[in-house]
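Chain by chain, the residues run as shown.
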There are 2 protein chains.
Amino acid sequence: MANADLGGDIVARIEALAAISETDAHLVRVFLTKEHRAAAELILSWMREAGMQAHLDAIGNVCGRYEGDRLGLPCLMLGSHYDTVRDAGKWDGPLGLISAIACVAELNRRGRRLPFAIEVTGFADEEGVRFASTLLGSRAVAGTFDESTLSARDANGVSMHEALTQFGLDPDALGAAARHRRELLAYVELHIEQGPVLEAQDLPVGVVTAISGATRLAARLTGFAGHAGTVPMALRRDALAGAAECIGAIEAFCRTDDNGLVGTVGAIHAAPGATNVIPGQVSFTIDIRAPTDAHRQRAVSDIVRNIETIAARRRLALQLDVTHENRTAPCAPGLKQQIADAIAAEGFRPFELPSGAGHDGMAMIDVADVGMIFVRCRGGVSHHPDEHVERADADAGARVLLRLIENFRPRAD
Amino acid sequence: MANADLGGDIVARIEALAAISETDAHLVRVFLTKEHRAAAELILSWMREAGMQAHLDAIGNVCGRYEGDRLGLPCLMLGSHYDTVRDAGKWDGPLGLISAIACVAELNRRGRRLPFAIEVTGFADEEGVRFASTLLGSRAVAGTFDESTLSARDANGVSMHEALTQFGLDPDALGAAARHRRELLAYVELHIEQGPVLEAQDLPVGVVTAISGATRLAARLTGFAGHAGTVPMALRRDALAGAAECIGAIEAFCRTDDNGLVGTVGAIHAAPGATNVIPGQVSFTIDIRAPTDAHRQRAVSDIVRNIETIAARRRLALQLDVTHENRTAPCAPGLKQQIADAIAAEGFRPFELPSGAGHDGMAMIDVADVGMIFVRCRGGVSHHPDEHVERADADAGARVLLRLIENFRPRAD
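Residues numbered from 1 in each chain as written. Chains lettered and ligands numbered in written order. Predicted model: local features only at pLDDT ≥ 70, side-chain atom pairs only at ≥ 80, totals over all residues. Heavy atoms only, no water.

Further remarks concern the overall build of chain A. From N to C terminus, chain A includes 11 helices and 16 strands. A compact globule built from 413 residues should have a C-alpha radius of gyration of about 22 Å, and chain A, at 24 Å, falls within 12% of that. For the C-alpha atoms alone, the extent of chain A along its principal axes is close to 80 × 50 × 40 Å. Within chain A, buried positions represent 60% of all 413 residues. The contacts of chain A with a sequence gap of at least 6 include a subset with a gap of at least 24, amounting to 78%. When the accessible surface of chain A is totalled, it reaches about 15,600 Å², and 49% of it is carbon and sulfur. Positive and negative charge centroids in chain A, built from 41 and 54 side chains respectively, lie 3 Å apart. (Helix = DSSP H or I, 4+ residues; strand = E, 2+ residues; numbered from the N terminus. Rg over C-alpha atoms; globule rule 2.2 N^0.38 Å. Buried < 20%, exposed > 50% of the residue type's maximum accessible area, 1.4 Å probe, protein only. Contact = heavy atoms within 4.5 Å. Areas by Shrake-Rupley, 256 points an atom, 1.4 Å probe, with all protein chains shown as cover. Lys, Arg positive; Asp, Glu negative; His and termini not counted. Charge placed at Lys NZ, Arg CZ, Asp CG, Glu CD.)

Structure, rendered in structure tokens:
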């Protein structure tokens, strides 16, 4: 077992990376900017310090490689992203990347070589802040980068094609970032949970079962606007009362589920929206996630049927459209087991939970088996300056990751 | 019984008055404008044609007087308003005023004098569009005009004081519009229902029981925003799910009431309002009306208690403020009876309903007993160009009003 203070080193590097920001007041680090460059240089230096060969790939990902007991072996790839949202926390992305480097550094310190290589990839853009398209770094690595996004423009009108060129990269050579399945034994990512489950379970780490797919719908109910004083309750076709019943039904449906289903109505708009007018039309969004596609799709049909029933009973016209859908990325059973074993060996109760948020594994699953370790974050708060991980939890996460690496067994086939 | 075609004359005059508008595309007729002037002149001419003495009073109301069988008798006052909302219908206000003039014209045609005078008042501003203060005309007549509103300014920065002066009226002499209780035997107003109840009852006219008072509240629920994917249902403090439950409770509570209670949530705002974020804070309005103050106040307390219970159970912070409250104006029992008798005599089933919308009677009740006759309007639509009254219903309303006048018995005391 490693005795170095992994947690302390990790926290120090989290702070160092967080100092690289577009503004002093808020942490912002966006794709293909000078902060991207500065962060990449720092991470490359850490990789080299840890005994890795390191370079920037064709899309700006930082890539470090620690050879196995022979040169050129397939690798266990570890990674996470180092871009941020606007006014971000310090831990979302960097924790996984820095923990992976810390593990390699510890192996290197001990002179330990394994029967496989280890690669650490820092993805250049997972959040998609600049070009409104997520997972750019991991899609390039997985070979699924959509060339049409090169023409996307940022808020200043700069296209991704232009930005890559200005950064010194060749937009026509992004394919060079793609990896072959045979090079990768697995992809394992450590990440903050971004939710309150581990805290509620009083556990520093957890085994991710899947990155939940999501279906988003846009609902619009149309009734009949009327004077709040003159239309008796029985004669109303109140679109907001209808929407309220739908929201209640979505919540009740998801609450009865024990398998990670979540449903959220995040946005609502009632028209005309005056105190003394019965709303004639209400629009709202629905976001449904579950750890398997079949589960989510079944839930979506049940919820849609519930909403249709409510609308029909209330004589409200219903328009319901799927606006977004992405599949579930299930974690590989063998990796889940190995992560659970590592957690148990570190003295914690292995606890499984789905990831409701998206991660680079959603792209990496096209080129490798995916495993994920979650680390507890305070109050479940993320994408916010208050995002926080205790040093002891960062340490626990890194120790689990290190133990996983040391005991890693590639899939038999 | 009158044989003249009251309905046809009324519809023709409704159209004539509707032609006086700020714009051709939308009906807009606002206090102390040239359209106010033109409409007043037209109405005064109709009053004189109907055998009345007519003048503009100190606030711009049109006032017609048809003497009784002796000069100087107390009057039965009839009336309604002739200002409009923006993009108004033609009937809201003018129907009552024009019907009253038609009744007097018919009495005059027959040379009929009654043992009391009849006055018809066209109120200059009921809607409050220009100075955001309603019932200006009837408050002046009731002697309850609030002098502080003279300093209110319209959208162009013109004060009511200036506008009155420009119109040729003396803002310091508004008191001259006030009437004494001893001059008025009663105030009776015919008005379109502005709701769908008479249509649902298949009746052209109805007896108003009261102008419902209203309580408006502003509610704010504060929970905890979170990622739509990462926070399990059981750990959420979703402000919108809480608001939805409140809206459902308000609707359910009011639906169980058989005595004219109505409750409306007309406006709602959820923050941050993103598809993939659990709403942390939701604000919404509540409008509660009932035909008696006691009934409304009891309902408000019950609803507030329901909302408090929901908020507490869901661990949501609740801020609940009364933003507006106005008392009920009950119609005088004697007048309700006389209106019901007149309806029955015209061959219709007397049907009672409250008025959920406000009317000049809310001000006139301070100086006279108030009675109201409602006339069916198509689909309950009002404050909209589609506002419509069938000619036969306008005729029925006028005949009921005429019969009421002819059989009117002042209160005994």
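Right, let's get into the interface of chain A and chain B. Put simply, an interface is often sized by how much accessible area is lost when its parts join up. At the interface, 49 residues of chain A touch 49 residues of chain B. Regarding the contact of chain A and chain B, the summed buried area is about 3,900 Å², with carbon and sulfur atoms giving 65% of it. The three residues of chain A that bury the most area against chain B are T230, M233 and T275 of chain A, which together make up 16% of that side's buried surface. On inspection of chain A and its partner chain B, the count reaches 2 salt bridges. Its salt-bridge partner being R314 of chain B, residue E251 of chain A comes within 2.7 Å of it at the nearest N-O pair. Applying the counting rule to chain A against chain B returns 8 residue pairs in polar contact (both at pLDDT 80 or more). Counting residues per element, the ones that place at least two in the side of chain A that touches chain B are α6 (197-201), α7 (239-255), β9 (262-264), β10 (268-271), β11 (277-278) and β12 (281-290) of chain A. Ranked by residues supplied to the side of chain A that touches chain B, first place goes to α7 of chain A with 8 residues. A class-by-class count of the residues in the side of chain A that touches chain B yields 26 nonpolar, 15 polar and 8 charged. (Buried area = accessible area lost by both parts, 1.4 Å probe. Salt bridge = Lys/Arg side-chain N within 4 Å of Asp/Glu carboxyl O. Polar contact = N/O pair within 3.5 Å; in protein donor to acceptor, adjacent residues only side chain to side chain. Nonpolar A, V, L, I, M, F, W, Y, C, P; charged D, E, K, R; others polar.)

Looking now at the domain arrangement of chain A. Residues and elements named next belong to chain A. Taken domain by domain, chain A comprises domain 1 (6-210 + 329-406) and domain 2 (213-326). A buried area of about 330 Å², summed over both sides, lies between domain 1 and domain 2, and 57% of it is on carbon and sulfur atoms. Looking only at domain 1, the three residues that lose the most surface to domain 2 are P354, G356 and M362, adding up to 68% of its buried area. At the boundary of domain 1 with domain 2, the tally comes to 0 salt bridges. Within the side of domain 1 that touches domain 2, the residues separate by chemical class into 4 nonpolar, 2 polar and no charged. (Domains from an automatic or database assignment.)

The term disulfide refers to a covalent linkage connecting the sulfur atoms of a pair of cysteines. All names here are of chain B. Counted by the stated rule, this structure contains 0 disulfides over all chains. You can see C75 has no disulfide; the closest cysteine sulfur is in C63, sitting 10 Å from it. In this structure C75 comes out as buried when scored by relative accessible area, which is 0%. For the unlinked cysteine C246, the closest cysteine sulfur is that of C254, found at 13 Å. (Disulfide = S-S within 2.5 Å.)

Moving on, we come to the environment of V158 of chain A. Residue and element names in this part refer to chain A. As for its placement among the helices and strands, V158 is situated in the loop between α4 (136-142) and α5 (160-167). Separated by 11 residues in sequence, V158 and L169 have C-alpha atoms that sit 15 Å apart. Non-local contacts of V158, meaning those with residues more than four positions away in its chain, are made with R130, F131, A152, R153, A163 and Q166.

Our focus in this paragraph is the side chain of Q338 of chain B. Residues and elements named next belong to chain B. Take Q338: it is sitting in helix α9 (residues 333-345). Classification of Q338 by relative accessible area gives buried; the value is 9%. Among the polar contacts made by the side chain of Q338, one reaches the main-chain carbonyl oxygen of R409 at a distance of 2.8 Å. Those residues in contact with Q338 that sit more than four places away from it in its chain are L404, N407, F408 and R409.

Quick look at the relation of the copies chain A and chain B now. With an axial shift of 0.0 Å and an RMSD of 0.1 Å, the rotation relating chain A to chain B amounts to 180°. Such values leave the two copies arranged in the relation of a two-fold axis. Considering only C-alpha atoms, the residue of chain A closest to the rotation axis is A244 of chain A, which sits at 2.2 Å. A symmetric contact is evident, with 100% of the interface residues of chain A recurring at the interface of chain B. (Least-squares fit on C-alpha atoms with pLDDT ≥ 70 in both.)

Turning next to the pattern of salt bridges. Residues and elements named next belong to chain B. Tallying each qualifying case throughout the model produces 60 salt bridges over all chains. A salt bridge links R216 to D287, with the nearest nitrogen and oxygen atoms 3.2 Å apart. Taken as a pair, R216 in strand β7 (residues 213-222) and D287 in strand β12 (residues 281-290) lie far apart in primary sequence, 71 residues in all. Residue classification places R216 among the partly exposed positions, given a relative accessible area of 21%. Its relative accessible area of 0% is what places D287 among the buried residues.

Next up on the list: the packing of aromatic side chains. Each aromatic ring pair is summarised here by two numbers: the centre-to-centre distance and the angle between the ring planes. Applying the stated rule across the entire model yields 6 aromatic pairs over all chains. Between the aromatic rings of F116 of chain B and F408 of chain B, the centroid separation amounts to 5.2 Å while the plane-to-plane angle is 80°, which identifies the pairing as edge-to-face. Taken as a pair, F116 of chain B in the loop between α3 (94-109) and β4 (117-123) and F408 of chain B in the segment after α11 (391-406) lie far apart in primary sequence, 292 residues in all. F408 of chain B carries the same exposure label as F116 of chain B, and that label is buried. In this structure, R37 of chain A packs its charged tip against the face of F167 of chain A, placed 4.0 Å from the ring centre. Lying over the aromatic face of Y66 of chain A, R113 of chain A brings its terminal NZ or CZ to 3.9 Å of the ring centre. (Phe/Tyr/Trp six-rings, centres within 6.5 Å; stacked < 30°, edge-to-face > 60°. Lys NZ or Arg CZ within 6 Å of the ring centre and 35° of its normal.)

Attention now moves to the packing of α3 of chain B against α11 of chain B. Residues and elements named next belong to chain B. One way to put it is that α3 packs onto α11 with a least axis distance of 9 Å and a crossing angle of 55°. Taken together, the axes of α3 and α11 lie oblique to each other. Here α3 and α11 pass one another in a crossing that is right-handed. Contacts between α3 and α11 involve L95, S99, A100, C103, E106 and L107 on the former and, on the latter, A394, A398, L401, L402, I405 and E406. Of the residues that constitute the contact of α3 with α11, the class distribution is 9 nonpolar, 1 polar and 2 charged. (Axes fitted to C-alpha atoms, helices over the stretch in contact; angles between N-to-C directions. Parallel < 35°, antiparallel > 145°, perpendicular 65-115°, else oblique. Left-handed = near helix turned anticlockwise from the far one by under 90°.)

Residue and element names in this part refer to chain B. Where helix α5 (residues 160-167) is concerned, the buried positions are M160, A163, L164 and F167. All buried residues of α5 lie within an arc of 100° about the axis, which places them on one face of the element. Structurally, α5 contributes buried residues whose contacts are with α2 (34-49), β1 (53-56) and α4 (136-142). Phi turns positive one or two residues past the end of α5, at G168, with a value near 95°. (Arc of directions from axis to C-beta.)

Before going further, it helps to spend a moment on a negative patch on the surface. Judged by side-chain charge, D146, E147, D170 and D172 of chain A come together as a negatively charged surface patch. If you trace the backbone, D172 of chain A turns up in the loop between α5 and β5 (184-192). (Patch = residues over 30% accessible without salt bridge, like charges linked within 9 Å, V, L, I, M, F, W, Y side chains within 5 Å.)

The next thing to look at is the packing of helix α1 (residues 6-18) of chain B against α2 of chain B. Residues and elements named next belong to chain B. Relative orientation of the contacting elements α1 and α2 amounts to 155°, with a least axis distance of 10 Å. Regarding the angle of α1 to α2, the classification is roughly antiparallel. In contact with R13, A16 and L17 of α1, α2 contributes A39, L42, I43, W46 and E49. Per-class residue counts for the contact of α1 with α2 are 6 nonpolar, no polar and 2 charged.

The next point concerns the pairing of strand β7 (residues 213-222) of chain A. All names here are of chain A. Pairing of β7 with β12, which is carried by 10 bridges, proceeds in the antiparallel orientation. Note that in β12 the partner of L221 across the bridge is V282. With 9 bridges joining them, β7 and strand β13 (residues 317-326) adopt antiparallel strand pairing. The residue of β13 that forms the bridge with T215 is E325. (Pairing = 2+ DSSP bridges.)

Our next topic: α1 of chain B. Residues and elements named next belong to chain B. Taking 1.5 Å as the rise per residue, α1 with 13 residues should run 18 Å; its terminal C-alpha atoms sit 18 Å apart, in good agreement. Among the residues making up α1, those that are buried are L6, G7, G8, I10, R13, I14, L17 and A18. Against the buried residues of α1 lie α2, α3 and α11. (Expected span 1.5 Å × (residues − 1).)

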